[in-house]
Amino acid sequence: ELDPIEEPNTLESYRSIERCAPFLNGQKKRANRRIFWRKKGWLVITIAAIVFALSWFKTSRIKLALTPPYTATMSPPEIVMEYYEGQNSLDLQKMEASLARGTKNPSSMEVTNLFVTRQTRQAYEGITTQIDPNDWIEQGKGPILEGTFLYGVTDISVTALDESTFQAQGILYTPYSYSEEEPLFNEQEQGVPIFTYLLTQNFTIEMGKRGWYEITNITRSNVEPLGTIIVPTYPKGGALPSQSQ
């Protein structure tokens, strides 16, 4: 039987026992850690996540900056042709793959707006509104689906004006006018009006420090009206006019 004690033993009294000290100190540390993570754990996790995200973003940007574009092996005329391939497919990344840092793409806003329109209509109506005129010509210039239009550049030629300046010419097809002219309708014709222009545009292309050609300047496209064409259309779900007989 143990003798009663006048006052309960304190933590300090147990610490005086040499064999209990490590256990008690360990218990206190574990308790302090639990209190810390309960109060500050969310802050530590948030800071760690931010640091990780910033590190990943910085590493990705550096890697992207050091990675050669897919046009790195192309000649200047090929780079110009690839620029228009991007415009015809409304692919802004392809258009700007060869652009040097800080170089502006004058067609960026137009292509972006047409891309958003195309993707929105495709999502809600299930149709691709923009048609590359090169494909339309190759398929015989037939009727197109109602609500669609032609947009893009055909018959592109590239001429070197000097060692770093290249002039591109082609025929631009667009569903809207760049000037004041009105579409001329024939009463017997029904379809969508498409405006055509002779497009001229200059590119400055120089060898970059990283060992491949880069576009360092693009002038705004100069357009001269060639005329308006009326492209026949057929209704969604309907047969082509040539097939309706």
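Relevant structure appears above.
Presented here is a report on the structure given in the accompanying data block.

1. With respect to the overall build of the protein chain
Assigned secondary structure in the protein chain consists of six helices and nine strands. Within the protein chain, buried positions represent 29% of all 245 residues. In the form shown here, the protein chain has an accessible surface area of approximately 16,800 Å², with 55% of it arising from carbon and sulfur atoms.

2. Describing the pairing of strand β5 (residues 165-174)
Judged by how many residues are buried, β5 sits mostly within the fold: seven of ten residues are covered. Here strand β4 (residues 152-160) pairs with β5 via seven bridges, running antiparallel. From the neighbouring strand, Val153 faces β5, where its bridge partner is Leu172. Between β4 and β5, which pair antiparallel and follow one another directly, the connecting turn spans four residues.

3. Structural notes on the environment of Gln201
Note on placement: Gln201 falls in strand β6 (residues 192-207). By relative accessible area, Gln201 is classed as buried at 1%. Along the chain, Gln201 and Gly170 lie 31 residues apart, while their C-alpha atoms are 9.1 Å from each other. Here Gln201 is in contact with Tyr83, Tyr84, Pro106, Phe166, Gln167, Ala168, Ile218, Thr219, Arg220 and Ser221, once residues within four sequence places are set aside.

4. Regarding unusual backbone geometry
One non-glycine residue, Lys141, lies in the positive phi region at around 55°. Along the chain, the position of Lys141 falls in the loop between α6 (133-138) and β2 (144-145). The class for Lys141 is partly exposed, based on a relative accessible area of 48%. A positive phi is found at Asp155, a non-glycine position, where the angle reads about 50°. Mapped onto the elements of the fold, Asp155 is located in strand β4.

5. Let's talk about the packing of aromatic side chains
By the definition in use, this model includes six aromatic pairs. The interplanar angle of 80° and the centroid separation of 5.9 Å between the aromatic rings of Tyr84 and Phe203 together place this pair among those described as edge-to-face. With a gap of 119 residues between them, Tyr84 in helix α3 (residues 76-88) and Phe203 in strand β6 connect regions that are remote in the sequence. Judged by its relative accessible area of 0%, Phe203 falls in the buried class. Within the aromatic cluster, the residues linked to one another by ring pairs are Tyr83, Tyr84 and Phe203.

Definitions and cut-offs
- Residues numbered from 1 in each chain as written.
- Predicted model: local features only at pLDDT ≥ 70, side-chain atom pairs only at ≥ 80, totals over all residues.
- Heavy atoms only, no water.
- Helix = DSSP H or I, 4+ residues; strand = E, 2+ residues; numbered from the N terminus.
- Buried < 20%, exposed > 50% of the residue type's maximum accessible area, 1.4 Å probe, protein only.
- Areas by Shrake-Rupley, 256 points an atom, 1.4 Å probe, with all protein chains shown as cover.
- Pairing = 2+ DSSP bridges.
- Contact = heavy atoms within 4.5 Å.
- Phe/Tyr/Trp six-rings, centres within 6.5 Å; stacked < 30°, edge-to-face > 60°.

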